[in-house]
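Residues per chain are reported as follows:
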Amino acid sequence: MARYGMVIDLDRCTGCRACVEACKVENNTPRGSFWMHVFRFEEGEFPNTRVWFMPRPCMHCDNPPCAKVCPVGARYKRDDGLVATDWKRCIGCRYCEVACPYGVNCFNWKSPEKNYYLDWQDPELTARTNGAIPPYKNPDLEGRYGPEQRHVAGGGHLKGVMEKCTFCVHRVEKGLSPACVANCPLFALHFGDLDDPDSNVSRLLREKRSFRLLEELDTQPRVHYVGSGHAPGAEARQIEHVKGRI
Amino acid sequence: MKTTRRTFLKGAAGGLLASRLLGGKLETLTAAPAPAAEAAGEAWVPTTCWIGKQDCGMLARRVNGRLVKLEGNPIHPRNLGTLCPKGMAQIMAVYDPNRLKTPLIRTNEKGVPGQWRQASWDEALSLVAKTLREVRARDPRRLVWQKGRSKASAFYDTAFVKATGATKLHHGAFCSDAGYRACEYTIGLHGVLHPDFRHTRYLLAWGWNLTGAGGNKLCWITWPQQMTAARERGMKIAVIDPRLRGAGPFADRWLPIRPATDLALALALCAEVVRRGAIDRDYLRKHTNAPFLVQPDGYFLRRDGKEQVWDTGSGAPQPYDAPQGQPALEGTFTYEGQILKPAFQVLKEHLAQYSPEWAASICGVPSDHIYWLAQDLIEHAMLGSTVVVDGIPLPYRPVAIMAYHVAQQELGFQLTRALLLLMMLLGSIEAVGGQRIDFTWKLHENFKKLDEIEIKDPPYNIYLKDSKFFPINSNNSALVAKVMQDPAKYGVDTLPEMAIVHMANPVLSFGSKPDIIEGYKKFKFVVVIDAWLSETADLFADVVLPAATLEKYEGPLSATDQYTDAVALRLPPMAPLYQARGEIDIYLDLCEKAELLYGKGGYLDHLNQALKLKGPYALPLDQKPAVRDIFDRWAKSQGLKEGIAYFEKHGVWVKGSIPAKKYYGYAQEPPFGGIRHRLYGESLLRYRDTMRAKGAAEIYWRDYTPLPTWRQPTMEGSPAQYDLYLISYKLIEFKQSRSSFIPLLAELAPEQRLDINPRTARARGIADGDEVWVESHNAVTGETRRVKVRARYTEAIRPDTVGMPHHYGMWVHPWAKGQGPAASELFFTGEGYVANTADQSFHVKVRVYRA
Amino acid sequence: MAVQERLERLPYGLGRFTPAWYALAGVLLALVALGAYAYLRQLIEGLIVTGLRDLGTMRGAAWGLYITFDIYFVGVSFAGITMAALIRLLNLEALKPVSRMAELLTIIALLLAGLVILPDLGQPLRGIVNLFVYARPQSPFFGTFTLVIAGYLFASLVYFYLDGRRDAALCAQVPSRLQGFHRLWAAGYRDTPAERQRHARTSFWLAIAIVPLLVTAHSTLGFVFGLQVGRPGWFSALQAPGFVVMAGVSGIGLLLVVAAILRRVLRLQEELTPAVFAWLGRLLLLLIVIYLYFTAVELLTSLYAGHHHEVALTRALLVGEYSALYWVSMGSLVLALLLLVGQVALRAYSIPLLVLSGLLVNVAAIGKRYLIVVPSQTHGALLPYGVGWYAPTWVEYSIILGLFALGTFLYALFVKVFPIVEVPAVQGGKR
């Protein structure tokens, strides 16, 4: 059984947020949902300023605080390392969200169909798209995944349930890398089997210095950062916030 | 459950190429057995990105006729299977219900937000054709055609302009055209400056907003990809920019230069390189006019119409192309009572005034840093070394500059000349790892044309072509707006009446919004072709024609990444939405209605010429073709037997690596095709003298100097209270000023902002996030303009500089509302705020105070 | 008719609804209706109508007023069952008169605590089903639902039922509209010595069982927060004992208030002597002192040795965005403490001052609960998302107000249908 993980090369990230958009389109996440977020940081004072970028998907922890607290087992750890959310079981208590130290959970505060940025109820448009909302709705997200056959793919499903990065389980099970990884223009994101010593991710971890976020909490993330950078400390100021609030 | 090992299918793309870049193996991963046959009705259709400039290849995932996702085409050399955030988000724009759905005809007066009635294509095109015929019949000069994002080979609009005889207005004068003119004039190549990333070891990122946008010729993905690969090989980057944010973490050295003083720094670097003798004499002697003898009046010594060099052997002048002899680069010679100096000697003496200490005081950076920079350049230039590429021994000078939008300043033309001089001195022009300008060696007609301009007497045309004001002229439509307000001042007697604005939004996109608005008020009839109701259409259009976004045919589009030869087409992955149509369809129908389609000299004839369709491939001149057929003929004429079907299958035709022979100017036979690069711009001096003789004011001719010469930018004449410099730049989230309403992108960068150093802000009592007024001042006219915007603290900008992204300010689309003003409202155009080539400057002095 | 007589001597009439009562009930039910309407809006629109938002890029708080009041209500429930158990175990005869009103407080508070969970859930119907079907003991919520809602509420109900059986039997002897209800409650109880003894024994063991349940239940609620390693301000071993003590503070405080109101409204001056209040006051004083000690320990730890996130959060509480609420809460607590210390020192107890203390500690309790729940979310991000913000909306306020009104209504209704203080024994009769 493969144990998937992600390796992010900070020496290559230009902070463009193309991964963010790839995720949003692939997973049909509604407004304000950022399963993948890219931090843009500034440190130091002029002229000794440093600007750097850090993509932040779900960490898919091996010791996931979110799955621990879920009262109904909707959030769970899969054998292949993915931390999944069963949107058909979630009761919307948001305990996973407050337990997660990485801020990766996105709740459907309103009906996703009313939260897709634009009013898509245009007769000329719906005639062409069979009424799909959003018009680019991904048909792969409704299905069941994994040996346990649960509803864990994609976003924008239902009002009042929690969603988050799935590592694009619907793509991974087809042998594709997650949408963010596949699209990264700088090839800064890598995905593969951390247990396979020949995988790209394992090789990168051997060749470059690496760290994980909030390692001191022992959440054991499956997302590793490589390169000359460091985890953001107290001096890192986030610049260029996204419009997250809905 | 049985699992098998298999390669990533589609990640294929990114994964494979990433592995190649990283020198690793194919990425593998365990997966379920191959999925069942693709769901019925599912297909991946190749097309080309529509939103950006560099036309990245895309595959559209289509399920039952509905587009579900756009992904990068893995075989496209420019994007290697990836897309930037704009490319990825454009699927939402394609389906935007706020797109123009039908042709619209205005029902209220112009200059205020439009009221419209929907019209049929037939009615709208008939109205446009009728007006077009009338206007043309009176005087074709009364017709103006303007395009914003002219994408790649713009054959169909070239043909339209030729068929109608319209005056074409560009957007380049707002982008980088001052740099283009300087490169065409100096080196003979069409482009600005970029490195040979596979070999460059040291790069001056001169105002290169590498994480945000731009770079020479391409809009984004390709350059950062090549840059990161080069850095992994050990390339170092020195960033010269008032703002660090653009370079992100990729700056090995940052020189936070004062805005608009780049020329001073470039000259100081030239001076230091010359002082240390780190110059490529061989190149200068053989391939530039550096040895040409200059008379005391500044003109070359000519005998029998031929420029002369000083032969050190015979101690006498001889024609520069004499087969023997050792031309002198330095020294002062007297011949027949005349004091003669090689152009290089003139340059050397000219540079003596520009020391690093002098530049430090002007540029606001420590002089040590200028010495370091010069040291780095000299060290990495590896003067004298050669390398064999494709079996050809070539000079190896792995230093280069990436400079593009930085050309857009008052001294932009001469700044680019100075950057070229620096690279010429180091011998890096077209050397391996050296300075690139175009993708391949292709001498541009402007090398000759810009040297032989005949400055005329009035009347001038609307953009002052060949005028005593801007003899080298990039055709600036903000200046056109200025001319339209006061034609007499510029000796213009015929104003255009009708404008066709094609995918351009001049009201917001270009500098000096108030001037553009005043200018556009003078047009009697304005047609806008666009996918959305632009602000220009809202205020001025009489007729609006809805154009398709990416669901149309367009091309041929260059797909080269500077190392691979490739060409692509834009293909419709679905039929146009609503009643929108592809532009070629629109022009075909419009020309038919205007009786300009058929026969010799008609649109079809010009299409044939523009696409070089000859013989069996030529379009018959008596029947309107299907657009797909035009491209099919073109593809076949290029030797693709399958015709357009090849592109419908692959999206891009990758022809293979560009051989050194086609790539490096040095690899030509003879090198550089035998031309001599213009170290010394003699014709600039000639223009200067002619302009003065024809009575042009100093403000027009002062920068026509044979060697780049520093002067204070005009904006420094603003009163002391305007104590900050305003610069403008682009965000990675948006393309020009046309995409800030795409909701997926607007969410990432929700509103306009003023980047301000916290020290500067606190001194003014401005907190992070406060609303402030930014007030700009025109040092020539005394005019002031102001906008209200939110201040954002950043330590990545000089304390004497503030910055605003060049986006926002739109008001028609629901998502554009409330985003804040456009930066273009604050910039001025006209004297003092355009270069000597009529190129727009994006620098102005401002003051900032709490709102 | 001894029974009739004894009931007559109650200072109010069971089943006798006065215009004033109707007026009160009308107001309360109107507020309940407002809450219901607000909840309906929320059901239709989703939680978007609240001020709650995601942590992370949305920079909000995912838990807010609902959770704040959930732990407040559970806390308040401390009073009744504790009092009942203490009275039984320590044989505190003097306090007997507050016993039933305290137990009722517990039951209603737990009911509200259960109800307020519903609006917090994005999928309330699924919640009701899945929480049982897919229950996971590893989740701290499991403890909340099993121990608090199930065990605690169940134990309280049983205790309350047994305790009221004698009076129900007495009431059932009197013909009235409520006779059926009383008869049902009495369930054949005849108040024989054997029955009395059996009851006494059952409630004794029940009381013994309840004390550890009490501690675990309130601790469990503390664990909901205290076990979260990734939230500054939450991850603390003091969270559980702190919750137990704060529960006591708010529960006893509210009991003081309720007792004083009933004393006045129901003219129970004879039964509820100042000594009862004084006893409660002393207990409250003890709990406040313990709580303040915990607070000091926690503050010192986080300021002295805390990670910079912990320090930043503490700063937000002490001098930053939450300082007003923090100091109002702490001020209320300290003022209550001073009032109580003064009375204890002077051995002079004033019911109004004790009630004031009770009110003050409840203000503090609500404030402190809010300060536990919210700031760790808005100001406790370990990644540099920046500071978040949360402000409850009218929907949240309305639902909370509606629940308070519902609780008050149920209490007011109960005192009209059942003796809230034990029916006195026959003069000279044996106890």
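Cut-offs used in this document
Residues numbered from 1 in each chain as written. Chains lettered and ligands numbered in written order. Predicted model: local features only at pLDDT ≥ 70, side-chain atom pairs only at ≥ 80, totals over all residues. Heavy atoms only, no water. Contact = heavy atoms within 4.5 Å. Buried area = accessible area lost by both parts, 1.4 Å probe. Salt bridge = Lys/Arg side-chain N within 4 Å of Asp/Glu carboxyl O. Polar contact = N/O pair within 3.5 Å; in protein donor to acceptor, adjacent residues only side chain to side chain. Helix = DSSP H or I, 4+ residues; strand = E, 2+ residues; numbered from the N terminus. pLDDT = per-residue confidence, 0-100. Patch = residues over 30% accessible without salt bridge, like charges linked within 9 Å, V, L, I, M, F, W, Y side chains within 5 Å. Areas by Shrake-Rupley, 256 points an atom, 1.4 Å probe, with all protein chains shown as cover. Buried < 20%, exposed > 50% of the residue type's maximum accessible area, 1.4 Å probe, protein only. Axes fitted to C-alpha atoms, helices over the stretch in contact; angles between N-to-C directions. Parallel < 35°, antiparallel > 145°, perpendicular 65-115°, else oblique. Nonpolar A, V, L, I, M, F, W, Y, C, P; charged D, E, K, R; others polar. Core = buried A, V, L, I, M, F, W, Y, C linked by side-chain atoms within 4.5 Å.

Below, the discussion takes up the interface of chain A and chain C. Opposite the 51 residues of chain A that make contact, chain C presents 48 residues. Across the chain A/chain C interface, buried area totals approximately 4200 Å², and carbon plus sulfur atoms make up 57% of it. Counting across the interface, chain A meets chain C through one salt bridge. Residues C:Asp120 and A:Arg94 are paired through a salt bridge, measuring 2.7 Å at the closest nitrogen-oxygen approach. Along the contact surface separating chain A from chain C lie 37 residue pairs in polar contact (both at pLDDT 80 or more). At the level of secondary structure, the elements contributing two or more residues to the side of chain A that touches chain C comprise strand S2 (37–43), helix H2 (65–69), helix H3 (95–99) and strand S6 (106–107) of chain A.

Okay, the confidence of the model for chain B next. Across chain B, the average pLDDT comes to 93, with 95% of residues at 70 or higher. Note that pLDDT drops below 50 for residues 1–38 of chain B; the model gives that stretch 83 contacts with residues more than four away or on any other chain.

What follows covers a nonpolar patch on the surface. Residues and elements named next belong to chain C. On the surface, Leu34, Tyr37, Leu40, Leu43, Ile44, Trp394 and Leu401 cluster together into a nonpolar patch covering about 650 Å² of accessible area. At the level of secondary structure, the elements contributing two or more residues to the nonpolar patch comprise helix H2 (19–45) and helix H16 (394–417). Of the residues forming the nonpolar patch, the biggest block, five residues, is contributed by H2. Take Leu43: its relative accessible area is 39%, and that puts it in the partly exposed class.

Our focus in this paragraph is the packing of helix H18 (residues 583–593) of chain B against helix H19 (residues 603–610) of chain B. Residue and element names in this part refer to chain B. At a minimum axis separation of 10 Å, H18 and H19 run at an interaxial angle of 140°. With respect to each other, H18 and H19 are oriented oblique. Between H18, through Tyr587, Leu588 and Cys591, and H19, the contact on the second element is made entirely by Tyr603, Leu604 and Leu607. Here the contact of H18 with H19 is built from residues that sort into six nonpolar, no polar and no charged.

Below, the discussion takes up the arrangement of the chains. Contact analysis covers two pairs of chains in contact, and the most contacts occur between chains A and B. With no contact formed, the shortest span from any C-alpha in chain B to any C-alpha in chain C equals 11 Å.

Turning our eyes to something else, we now look at the interface of chain B and chain A. In many reports, interface size means the accessible area that the parts give up when they come together. With 82 residues of chain B at the interface, the matching set in chain A holds 78 residues. Interface of chain B and chain A: buried area, both sides summed, is about 6400 Å²; carbon and sulfur atoms make up 59% of it. Where chain B meets chain A, there are 10 salt bridges. A salt bridge links B:Glu747 to A:Lys24; the nearest nitrogen and oxygen atoms lie 4.0 Å apart. Our count for the contact surface shared by chain B and chain A stands at 25 residue pairs in polar contact (both at pLDDT 80 or more). Secondary structure elements with two or more residues in the side of chain B that touches chain A: strand S1 (4–7), helix H1 (12–22), strand S2 (28–31), strand S4 (57–63), strand S5 (66–72), helix H2 (85–94), helix H6 (222–233) and helix H25 (743–746) of chain B. Ranked by residues supplied to the side of chain B that touches chain A, first place goes to H1(B) with six residues. Here the residues of the side of chain B that touches chain A sort into 46 nonpolar, 17 polar and 19 charged.

Moving on, we get to the nonpolar core. B:Phe197, B:Leu204, B:Trp206, B:Leu284, B:Tyr603, B:Leu607 and B:Val848 are the most contacted members of the largest nonpolar core, which totals 352 residues. Per element, the largest residue contribution to this core is 11 residues, and it comes from helix H7 (residues 262–275) of chain B. With residues near it in sequence (within four places) discarded, B:Phe197 still touches B:Leu203, B:Trp208, B:Trp223, B:Gln226, B:Met227, B:Ala230, B:Arg233, B:Met235, B:Met402, B:Gln562 and B:Tyr563. Counting 147 residues, the second largest nonpolar core, distinct from the first, contains A:Met162, C:Ala79, C:Ile81 and C:Tyr370.

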